[in-house]
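Summary of the model geometry
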Amino acid sequence: MAKVRLPKRLVLILLTLAMTVSLFAACSGSGTTVTDAPAATATATPAATTAPASTDAPTATEEPALTMPIPVELPHAGDSLAADANGVAKFAVEDVGYGIFASENYDYELPLSTNSDVELSMYYWLFDPMLQTTDSMRDMPYQTYIRDKTGVNLNYITLAFDAVQPAFQIALAADDLPDIVINPTSYYTAGTQTQLVDENYLVNLYDYRAYMPNYLYQIPRFEYDMDMVAQYFVTPEIMVAMWGYYENPTPDLANMFRGDILENIGIDIKTINTYDKVYDALVRLQTEGGIANPMQLYGPMIEGVPGAFFAGMNTSIYIGAGVPASRIDNGKVVYTLTEEPDRKAAELLNKWSVEGLIDPNWQESGTASTSRGPALLNSQNVFSQIAPGVTADMIVESGIPGYYWASCPNIAETENYEFRYSRGMKPLKLDFASWGINAKCKNVPLAISYGDYFYSEEGKFDLSWGTEGVSYYYDEQGAVSWTDFMLDRVTIKMTMFAGSHFIEVGLVDRARAYAYPEGRKLREMIMAYVIPDYPFKGGNDWPSTAAKPTDEKLREVAALQGDIGTYISENYTQFVTGSKPLSEWDAYVTAVYNIGLGRVQDIYQGVYDSFIEKYPDYKQPGV
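The structure contained in this document is the topic of the report that follows. No experiment lies behind these values; they were computed from the predicted model shown. (Residues numbered from 1 in each chain as written. Predicted model: local features only at pLDDT ≥ 70, side-chain atom pairs only at ≥ 80, totals over all residues. Heavy atoms only, no water.)

1. Regarding the overall build of the chain
The helix and strand tally for the chain stands at 19 helices and 15 strands. Sorting the 623 residues of the chain into buried and exposed places 57% on the buried side. The contacts in the chain between residues at least 6 apart in sequence include a share of 77% that link residues at least 24 apart. As displayed, the chain has an accessible area near 24800 Å², and 51% of this comes from carbon and sulfur atoms. (Helix = DSSP H or I, 4+ residues; strand = E, 2+ residues; numbered from the N terminus. Buried < 20%, exposed > 50% of the residue type's maximum accessible area, 1.4 Å probe, protein only. Contact = heavy atoms within 4.5 Å. Areas by Shrake-Rupley, 256 points an atom, 1.4 Å probe, with all protein chains shown as cover.)

Set out below in C-alpha cells:
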C-alpha cells in the first residue's frame with residue numbers, strides 16, 4: 001500500500017492548530033446512578049519506556065520510530081496489542097510532519113486479552129428494551145461475538161436514550177466515570193475540552209498513539225482534510241477522544257417523495273429540481289393524489305441539518321437551540337435565519353402552509369422517526385427530509401404493495417443553480433460517536449486498542465454488519481445484505497445487533513443503511529446528485545471546523561447562545577405560520593442582533609479574517 005505524505009504547506013497548518021473540535025448536540029433527560037467497574041489486576045510490570053521520539057522529520061540515515069512518552073502497564077494484554085510493554089510500536093510508521101503514525105493498516109492478532117476476569121465499563125443507549133432478548137446486554141448475539149473474538153469483556157451500563165447525558169454529569173461530579181466514556185465532548189459543559197485532560201478526567205490519547213495505529217492512519221490515508229484533523233486534535237499534542245468515521249459516506253438526510261404515489265399521478269421525480277417544481281408536485285399530490293397535507297417539515301427545526309432543503313436559496317433554515325448556522329457573504333460573516341434569503345424562505349413556507357401543502361402539526365411532530373414516522377408511514381405526508389436508512393423500516397412496516405421512497409435532485413430557485421452553501425448536502429464523513437478513556441481506567445492500552453480494532457479492515461466489517469446468519473448474509477451477487485429479521489426495524493436493530501454509530505467508534509460502512517434491494521437503488525440516486533456530477537462550489541460555507549475562537553471567546557459565545565436560540569425559535573416560526581407578519585422582519589433581525597448575535601458576529605468575523613490571512617489558498621474539503 002502506497003504511503004501518503006502531506007505537502008509542507010499543510011504540515012505548517014497542522015503545526016499551528018490549537019483549536020477545539022466541533023460539538024454535537026447532546027440529549028437531556030432524567031438522571032441515573034452509575035455502577036463501579038471491577039478493578040483489573042496487573043500480571044506484569046513493564047520496563048521503563050524510552051524518551052519520546054522527536055516529531056521532527058528524520059535525517060536521511062534515520063528511520064522514523066514511535067515509542068510511548070509515558071510509562072504504561074499492560075495488565076492481561078500485551079503480545080496482541082500494537083505496541084509492546086515498553087510502548088514501542090510493532091507496525092510500520094512514517095513521519096507525516098505533525099507526528100509519527102502508522103503508514104499502513106495494522107492487523108491485530110486476536111484476542112486482545114486472554115483474561116476474562118478483566119472488565120471495561122461503558123454506557124450503552126438502549127433504544128428499545130424489547131429487543132434485548134437476554135438478561136444482560138453483554139450476552140446479545142453481536143456483543144457475545146465481539147467479546148469472544150477480542151477477549152475484551154465489557155460491562156454495558158444500559159440507559160434510556162435521554163438518560164446518558166445526566167448519567168455522565170452525575171458520574172463526573174462523583175469522579176466515577178466508566179472506563180470508556182462515550183461522547184464526552186458533547187456532554188462536558190463545564191469548560192473546554194482540554195480541561196477534560198488537564199483535570200485528569202480523561203487520558204490524552206496522543207500519549208498513547210502507539211496503541212491506536214488504525215485510527216491515526218486515517219489522516220494520512222485520505223486526501224488532506226483540515227476539518228478531519230481539527231476533529232481529531234484539540235491541539236497538535238492533545239487528543240481528547242476517538243471519533244467514529246464513515247466509509248462510503250452519503251448525506252445524512254435526503255429530500256424524498258413517495259415514489260410510488262408520484263408514479264401514479266405521472267410525475268418523474270428526476271424533474272423536480274426547483275422550489276416551483278416542488279410546489280407543483282405538492283399541489284398535484286393534493287388535488288390528484290388525495291393527500292391533504294403532502295409535505296412534512298423536520299419538526300420545529302424545519303430542516304434536519306443546515307441547508308438540507310434551503311441550500312438552493314444559499315442558506316439554512318435550521319432552528320436549533322443556540323446560534324444559527326453561519327455563512328460567508330463576500331468575506332463577511334453573516335447568520336442564517338436573519339438575512340434576505342431567510343425572509344424569502346419564510347415567505348415560501350408561509351404560502352405553502354396557508355394552502356395546506358404543509359402538515360399543520362409540524363411544530364408538534366418532533367424530530368425523531370418515532371414521532372414523524374407514523375404520518376409518513378400511513379401516507380398522510382409524502383414529502384419530507386428523511387434519513388435514507390429509515391426507508392427500509394417503512395417499506396416493511398407499511399404493508400403497501402409497491403411502497404417506496406425516492407430522492408429528488410438538489411432543489412434550488414432556478415435550473416442550473418450553482419450551489420454555494422452546501423453544508424447539509426455533503427457526504428457525511430465524521431460519525432456521531434466518540435470515545436474518551438477514563439484517566440483512572442485500570443487498563444488504558446487495552447481500552448484504546450479495543451477501540452482501534454474497529455478501524456482495522458476486519459473490525460470495520462464486524463462493526464458495520466454484526467454476525468453472519470443473524471444480522472447479515474451474502475446474496476446471489478455476493479453483496480452483503482441484511483437478513484429478513486433485520487429488515488423489520490433495521491435502524492433500531494443495527495444499534496443492538498451490529499455497531500451503533502451513536503455509541504461505538506470505528507469505521508462504519510455507510511452502505512449498510514442501503515443494504516436491501518430498494519435501498520441500493522436509492523443510494524445510487526442520492527449519490528448521483530452529490531458526487532462527482534453536482535456543482536458544489538462551497539464558496540459561502542464557513543471555511544473549516546479548524547477556524548475556531550479561543551476558549552475565552554467560546555465561553556462568551558456560550559453565555560449568549562441560549563437567549564439567541566430562544567428568541568429565534570419563538571419568532572422565526574411565527575413568520576412561517578403567519579402569526580407574525582413579514583412586515584416585522586426588520587424589527588426581528590434588529591432584536592436578535594441586539595440580544596447578542598451582533599457580538600457573536602464580531603467574534604467570528606475576527607476568526608474568519610485571521611484564518612483566511614493565514615491560509616489564503618484554503619479549499620473546502622470535497623470541493
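2. Focus: the nonpolar core
The nonpolar side chains of a soluble globular protein tend to be buried, and buried together. Ranked by internal contacts, the top residues of the largest apolar core, which has 120 residues, are Tyr 211, Tyr 215, Tyr 232, Phe 233, Ile 437, Tyr 450 and Trp 482. Here this core gets 6 residues from one element, more than from any other, and that element is helix α13 (residues 444-453). Listed in part, the 62 residues of the second largest apolar core include Ala 230, Ile 265, Met 295 and Cys 408. (Core = buried A, V, L, I, M, F, W, Y, C linked by side-chain atoms within 4.5 Å.)

3. What about the pattern of salt bridges?
Under the definition given, this model contains 17 salt bridges. Where Arg 489 meets Asp 128, a salt bridge forms, and the shortest distance between an N and an O atom there is 2.6 Å. Of this pair, Arg 489 sits in the loop between α15 (484-487) and α16 (490-497) while Asp 128 is found in the loop between β3 (119-125) and α2 (141-150), placing the two residues 361 residues apart along the sequence. The class of Arg 489 is partly exposed, set by a relative accessible area of 29%. Where Glu 415 meets Lys 277, a salt bridge forms, and the shortest distance between an N and an O atom there is 2.5 Å. (Salt bridge = Lys/Arg side-chain N within 4 Å of Asp/Glu carboxyl O.)

4. Structural notes on the environment of Ile 400
Here Ile 400 lies in the loop between α12 (390-398) and β11 (405-407). Given a relative accessible area of 33%, Ile 400 falls into the partly exposed group. Apart from the residues within four sequence positions on either side, Ile 400 is in contact with Arg 258, Leu 377 and Ser 379.

5. Focus: the packing of α2 against helix α14 (residues 457-465)
Two elements in contact, α2 and α14, have axes separated by 11 Å at closest approach and are oriented at 160°. Comparing the axis directions of α2 and α14 gives the class roughly antiparallel. The two elements α2 and α14 cross, and the hand of that crossing is left-handed. Taking contact as the criterion, the partners of Tyr 142, Tyr 145, Ile 146 and Lys 149 in α2 are, on α14, Glu 458, Asp 462 and Leu 463. (Axes fitted to C-alpha atoms, helices over the stretch in contact; angles between N-to-C directions. Parallel < 35°, antiparallel > 145°, perpendicular 65-115°, else oblique. Left-handed = near helix turned anticlockwise from the far one by under 90°.)

6. Some remarks on the sheet that holds strand β10 (residues 383-386)
Reading across the sheet, the 3 strands line up as β10-β7-β11 and stay open at both edges, with antiparallel pairing between neighbours. A strand with exactly one partner marks an edge of an open sheet, and here the two such strands are β10 and β11. The average angle at which neighbouring strand axes cross in this sheet is 40°, direction not considered. Sheet strands in contact with helix α9 (residues 275-287) are β7 (254-258) and β10, and its direction is about 30° off that of β7. (Pairing = 2+ DSSP bridges.)

7. A word on unusual backbone geometry
Note the cis peptide between Leu 110 and Pro 111, where omega equals 5°. By secondary structure assignment, the location of Pro 111 is in the loop between β2 (100-102) and β3. Despite not being glycine, Asp 175 shows a phi value in the positive range, around 55°. As for its position among the elements, Asp 175 is in the loop between α3 (164-173) and β5 (180-182). Judged by its relative accessible area of 40%, Asp 175 falls in the partly exposed class. Unlike most non-glycine residues, Ser 379 shows phi in positive territory, near 70°. Inspection of the secondary structure assignment puts Ser 379 in the loop between α11 (369-377) and β10. With relative accessibility at 18%, the residue Ser 379 sits in the buried group.

8. Here's the deal with the packing of aromatic side chains
Taken as a whole and assessed by the stated rule, the structure comprises 39 aromatic pairs. An angle of 75° between the planes, with centres 5.6 Å apart, marks the rings of Trp 542 and Tyr 604 as edge-to-face. Linking Trp 542 in the loop between α17 (517-528) and α18 (551-577) with Tyr 604 in helix α19 (residues 585-614), this pair joins segments that are 62 residues apart in sequence. Here Tyr 604 falls in the buried class, since its relative accessible area comes to 15%. With 6.0 Å between their ring centres and 10° between their planes, Tyr 567 and Tyr 588 make a pair best called stacked. Taken together, the residues span a long stretch of sequence, with Tyr 567 in helix α18 and Tyr 588 in helix α19 at a distance of 21 residues. Through successive ring pairs, a cluster of aromatic residues spans Phe 257, Tyr 275, Tyr 279, Phe 309, Phe 310, Trp 352 and Phe 383. Sitting over the face of the ring of Tyr 206, Arg 209 holds its NZ or CZ atom 4.0 Å from the ring centroid. (Phe/Tyr/Trp six-rings, centres within 6.5 Å; stacked < 30°, edge-to-face > 60°. Lys NZ or Arg CZ within 6 Å of the ring centre and 35° of its normal.)

9. Details of α12
Extensive coverage of α12 is indicated by the burial of 7 of its 9 residues. After α12 finishes, the residue Gly 399 shows a positive phi value of roughly 70°.

10. Some thoughts on the side chain of Ser 471
Mapping Ser 471 onto the fold places it in the loop between α14 and β13 (472-474). Once residues lying within four places of it in the same chain are set aside, the contact partners of Ser 471 are Trp 465, Gly 466, Ser 481, Trp 482, Thr 483, Met 486 and Phe 497.

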